[in-house]
Every structure is written in C-alpha cells, then in structure tokens.
Amino acid sequence: MSTMDKTAGLARITVAYIIALFAGGASLHVFEFGTLLDIFLADLIATVVIFLFSRGYSNSSFYDAYWSVIPPFIALYWLAVGTGSSPPLRELLVLGLILYWATRLTLNWAIHWEGMHHEDWRYRLLRERAPNMALLTDFFGIHLFPTLQVFAGMLPVYAVYVLGERPLNWLDLLAAAVIAGAVTLQWVADRQLQRFLATRQEGEQLQTGLWAWSRHPNYFGELGFWFGLFLFGLAAYPSGWYWEAIGFVLMLLMFLTASIPMMEKRSLERRPNYQQVIDSTSMLIPLPPTRNR
C-alpha cells in the first residue's frame, strides 16, 4: 500500500470523525437530561455514525481510533459545563494527562494502520464465530461495547468536573504520577517494539527492554491510565468511589478475559517458541524475567 493510499484512507477516517463529532455535538443542543446523560447520548450518536462508515467501507477499523479520540471531547464538555468546586490545578492536570494519553495512542494507531485494506484481525475473528449474526456482532461487540466501556472509564472525570468538592490532596499527586508514568511506559514500549519490528528475523521474539519484564507492557500502561483517572475521581469526590471504579474494573476484566487471551492464543499459533516467552516473562505486571516462572 503506497503512502498516498494510506493518506487517502486516513483522510476518509478523519472526515468520518468530523461528521461523528458534529452529529454528537449538535445533539447537545437538543437534549436536556443533564450533563451526564446528554454527553452519553451524544457519544452513542457519534458511535452510530462511525458504525455506518464502517459498514459503508466494509472495514470496522474505522472505529479503532474512537477509543482515544472521544475522551478529550467528553472531558472538555464536562469542564465547560461542570459546576463542581475542584481546584483549577486538578482540572488542568486531568485534561492535560488525558490529552497526553490520547495523543500517544492515536498517533501510534495512525503510524501502524496500514490503510483501507487493513482491518483488525480480532474483528474478523468475532464475526466468524457467528456468521449469521455478523451485523449484530459488528455493532454491539465492536462499536457499542467499547464505547460503553470507555464512557464508564470516564466517570471519574465527571466526578472531577461536575461533582468535585475536595481541595487538592495527595491522591491527586499520586493519580498524576500514575498516569504520567503509565503513558510514558507505553511510549517506551511502542518505541522498543518499532525498533524490533524494523530488524526482526524470522522466528525471533522480542524479549528485551520492557518486553523482557512483561509480555504486554502496553496493556499494563493502559490499565494504569484508567486506574489513574479513578484516583483523580477519588481525590475529588470520594463518596462516589463505587461507581467511579466501574470503568477500571471493566477494563481489567476485558484485558484479563478477552484481549490478552486472544493475543496469547494467536501468538502461540503463529510463533512456535512463544511458550518459552510465557514461561519466562510475566503476563502483565512488569517483573524481573525468570526461567522458572
């Protein structure tokens, strides 16, 4: 696929996202159900728009970047309309760190996305499990479910901007350190993976740097980001801890029961020596490598 073809594909996806954001944003001038439900419905409308583009181009990877593109807009909306009493420094920290995370993840997707011919292999696998329900799988499993999951992960941000009542405290500092460290870890893991792929020999496994300590350091960093948001929500509005934690718990369950098992199974099928990596390297939490694990 030429650079021109990839650029044209990215342009199509950009147009789709502009239309989706416009449709969702326009709905905010119609709905009057409150700051939480209004943006939730706008999020759903934008998701439907991306779904229609996915179907029109027969490529559900139109949705890939939605995971990282939409959270900054949700945060900005709550920042604009929120009536909480969180200190400005907390509000700026949350927004800045969300932008840091979103920029890394979106750029990483754009760099590695191959073009309109490419679709995430997991999407095809999900549809193939129930061919007669492919349309429902596409909408509910590939588009709607991640939207709901990310929105749940953003609930602590709602607590910060709309319900925040506590002054800046040590939990804010911990949350900022966790997110900054988690996203930076993802940046480093990305760079290490890129360098490895550029020179990889057939059958060679990446077992250096962060990848020698964790089989999925990028997933560990992703979980760190959502846990950090939970800590910010806890710092601003501790009485809402039970619903602020929903998003992080869902993320953890998704990675442990779906994303990681699917990746591990595929790696075992495609790489004969991958069992050695499993035996010597921690699955998620970075730990010193050992031959006995």
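Predicted model only: the values in this text are computed from it and were never measured. (Residues numbered from 1 in each chain as written. Predicted model: local features only at pLDDT ≥ 70, side-chain atom pairs only at ≥ 80, totals over all residues. Heavy atoms only, no water.)

A. Looking closely at the overall build of the chain. The secondary structure content of the chain amounts to 12 helices and zero strands. Its helices and strands in sequence order give the chain the pattern α-α-α-α-α-α-α-α-α-α-α-α, from N to C terminus. At 20 Å, the chain has a C-alpha radius of gyration in line with the 19 Å of a compact globule built from 293 residues. By residue count, 47% of the 293 residues in the chain fall in the buried class. Long-range contacts, defined here as pairs at least 24 residues apart, represent 80% of the contacts in the chain between residues at least 6 apart. Of the roughly 14600 Å² of accessible surface on the chain, 66% is carried by carbon and sulfur atoms. The positive charge centre, built from 20 side chains, and the negative charge centre, built from 21, are 8 Å apart in the chain. (Helix = DSSP H or I, 4+ residues; strand = E, 2+ residues; numbered from the N terminus. Rg over C-alpha atoms; globule rule 2.2 N^0.38 Å. Buried < 20%, exposed > 50% of the residue type's maximum accessible area, 1.4 Å probe, protein only. Contact = heavy atoms within 4.5 Å. Areas by Shrake-Rupley, 256 points an atom, 1.4 Å probe, with all protein chains shown as cover. Lys, Arg positive; Asp, Glu negative; His and termini not counted. Charge placed at Lys NZ, Arg CZ, Asp CG, Glu CD.)

B. Focus on the nonpolar core. Counting 64 residues, the largest nonpolar core has Trp78, Met154, Val157, Tyr161 and Trp226 as the members making the most contacts within it. Counting residues per element, this core draws most heavily on helix α9 (residues 217–236), at 11 residues. For Tyr161, the residues in contact, after removing those within four places along its chain, are Ala75, Trp78, Leu79, Gly82, Thr83, Gly84, Glu91, Val94 and Leu95. (Core = buried A, V, L, I, M, F, W, Y, C linked by side-chain atoms within 4.5 Å.)

C. Broad picture of the environment of Arg127. The topology assignment puts Arg127 in helix α5 (residues 121–129). Classification of Arg127 as buried rests on a relative accessible area of 17%. For the pair Arg127 and Ala152, spaced 25 residues apart in the sequence, the C-alpha separation amounts to 25 Å. Residue contacts for Arg127: discarding those within four places in its chain leaves Ser60, Glu119, Ala134, Thr137, Asp138 and Ile142.

D. Geometry of the layout of surface pockets. Space inside the second largest pocket adds up to approximately 170 Å³. Lining the second largest pocket we find Leu21, Gly24, Gly25, Leu28, Ile39, Ala42, Asp43, Ala46, Ile70, Phe73, Ile74 and Tyr77. Of all elements in the fold, only α1 (3–27), α2 (35–56) and α3 (66–81) reach the threshold of two or more residues within the lining of the second largest pocket. Of the residues contributing to the lining of the second largest pocket, the split by class is nine nonpolar, two polar and one charged. (1 Å grid on protein atoms, 1.4 Å probe; cavity = no way out; pocket = protein on both sides within 12 Å on 5 of 7 lines; lining within 4 Å. Points joined across faces, edges and corners; volume = space filled by probe spheres on them. Nonpolar A, V, L, I, M, F, W, Y, C, P; charged D, E, K, R; others polar.)

E. Molecular detail of the packing of aromatic side chains. Per the stated rule, a full pass over the model turns up 21 aromatic pairs. With a centroid separation of 6.2 Å and an interplanar angle of 45°, the aromatic rings of Tyr237 and Trp243 are classed as tilted. Classification of Trp243 by relative accessible area gives buried; the value is 18%. Aromatic rings pair up to connect Phe40, Trp78, Phe151, Tyr158, Tyr237 and Trp243 into one cluster. (Phe/Tyr/Trp six-rings, centres within 6.5 Å; stacked < 30°, edge-to-face > 60°.)

Nothing here speaks to function; it is geometry throughout.
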